[in-house]
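The lines below spell out each chain.
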Amino acid sequence: MAKKAKKAVKKSPKKAARSAAPKAARERVAPKSSIGVEPLGDRVLVRPMEAETVTASGFVIPENAKKEKPERGEVVAVGAGRRADDGSLIPMRVAIGDIVMFSKYGFDEIEVGGVTYVIVSEPSILAILSS
């Protein structure tokens, strides 16, 4: 019996490029989240803070007198960043532990372990508050 010739297996260009890339280039840029949720791209996982009901001078603000204003919260996890048109990675400006203000309607709520978090894209973050 004649031996069967092995077929030459060609790798797709994407697989070849992926295997040729150094391991360091393929590793994640953003640190992993401690709660098991990793935002993708330019998204940020934020633990919302309660609205202040007492002013700096000691006045108590009732619920019905509060105006709608941007939310604030602590950054729990960040994505790696967004990709530019040329394919380069644009890193995130916010970091884990930052206190941020974000748009009132520009987020998605999730619940993990009984705690409510919001996922917001970086362009919806209005400011990083200094402590």
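Residues numbered from 1 in each chain as written. Predicted model: local features only at pLDDT ≥ 70, side-chain atom pairs only at ≥ 80, totals over all residues. Heavy atoms only, no water.

1. A short note on the packing of aromatic side chains
- Summed over the entire model, instances satisfying the criterion amount to 1 aromatic pair.
- With centroids separated by 5.5 Å and ring planes inclined at 90°, the aromatic side chains of F102 and F107 adopt a geometry described as edge-to-face. (Phe/Tyr/Trp six-rings, centres within 6.5 Å; stacked < 30°, edge-to-face > 60°.)

2. Some points on the sheet that holds strand β8 (residues 125-129)
- A sheet is described by the order of its strands in space; here 6 strands give the open sequence β6-β7-β1-β2-β5-β8, paired in antiparallel fashion. Among the strands making up the open sheet, the edge pair consists of β6 (107-112) and β8. Adjacent strand axes in the sheet meet at a mean angle of 40°, parallel and antiparallel pairs treated alike.
- Pairing between strand β5 (residues 99-102) and β8: 4 bridges, direction antiparallel. Bridging across to β8, I99 finds its partner in L129. (Pairing = 2+ DSSP bridges. Helix = DSSP H or I, 4+ residues; strand = E, 2+ residues; numbered from the N terminus. Axes fitted to C-alpha atoms, helices over the stretch in contact; angles between N-to-C directions.)

3. Observations regarding the pairing of strand β1 (residues 43-48)
- Sheet analysis places β1 next to strand β7 (residues 115-121), joined by 4 bridges and oriented antiparallel. Across the sheet, V44 pairs through a bridge with V120, a residue of β7.
- Note: β1 against strand β2 (residues 71-78), 5 bridges, orientation antiparallel. Across the sheet, the residue bridging to P48 is G73, located in β2.

4. Details of the pattern of salt bridges
- Scanning the entire structure with this criterion turns up 2 salt bridges.
- Note that R47 and E74 form a salt bridge whose closest N and O atoms lie 3.1 Å from each other. With a gap of 27 residues between them, R47 in strand β1 and E74 in strand β2 connect regions that are remote in the sequence.
- Under the relative-accessibility criterion, E74 is labelled partly exposed at 28%. (Salt bridge = Lys/Arg side-chain N within 4 Å of Asp/Glu carboxyl O. Buried < 20%, exposed > 50% of the residue type's maximum accessible area, 1.4 Å probe, protein only.)

5. Concerning the environment of I96
- Counting through the fold element by element, I96 comes out in the loop between β4 (89-90) and β5.
- Assessed through its relative accessible area of 43%, I96 is described here as partly exposed.
- As a C-alpha pair, I96 and V76 span 20 residues in sequence and 5.3 Å in three-dimensional space.

6. Here we look at the nonpolar core
- In terms of nonpolar packing, the biggest core is built from 11 residues, these being V44, V46, V75, V78, M92, V94, V100, F102, V118, V120 and I125.
- At the level of secondary structure, the elements contributing two or more residues to this core comprise β1, β2, β5 and β7.
- Those residues in contact with V100 that sit more than four places away from it in its chain are V46, E71, R72, G73, V75, V94, I125, A127 and I128.
- Formed by 5 residues, the second largest nonpolar core is a distinct cluster that contains V37, L45, V76 and Y117. (Core = buried A, V, L, I, M, F, W, Y, C linked by side-chain atoms within 4.5 Å. Contact = heavy atoms within 4.5 Å.)

Honestly, it's all geometry; don't read function into it.
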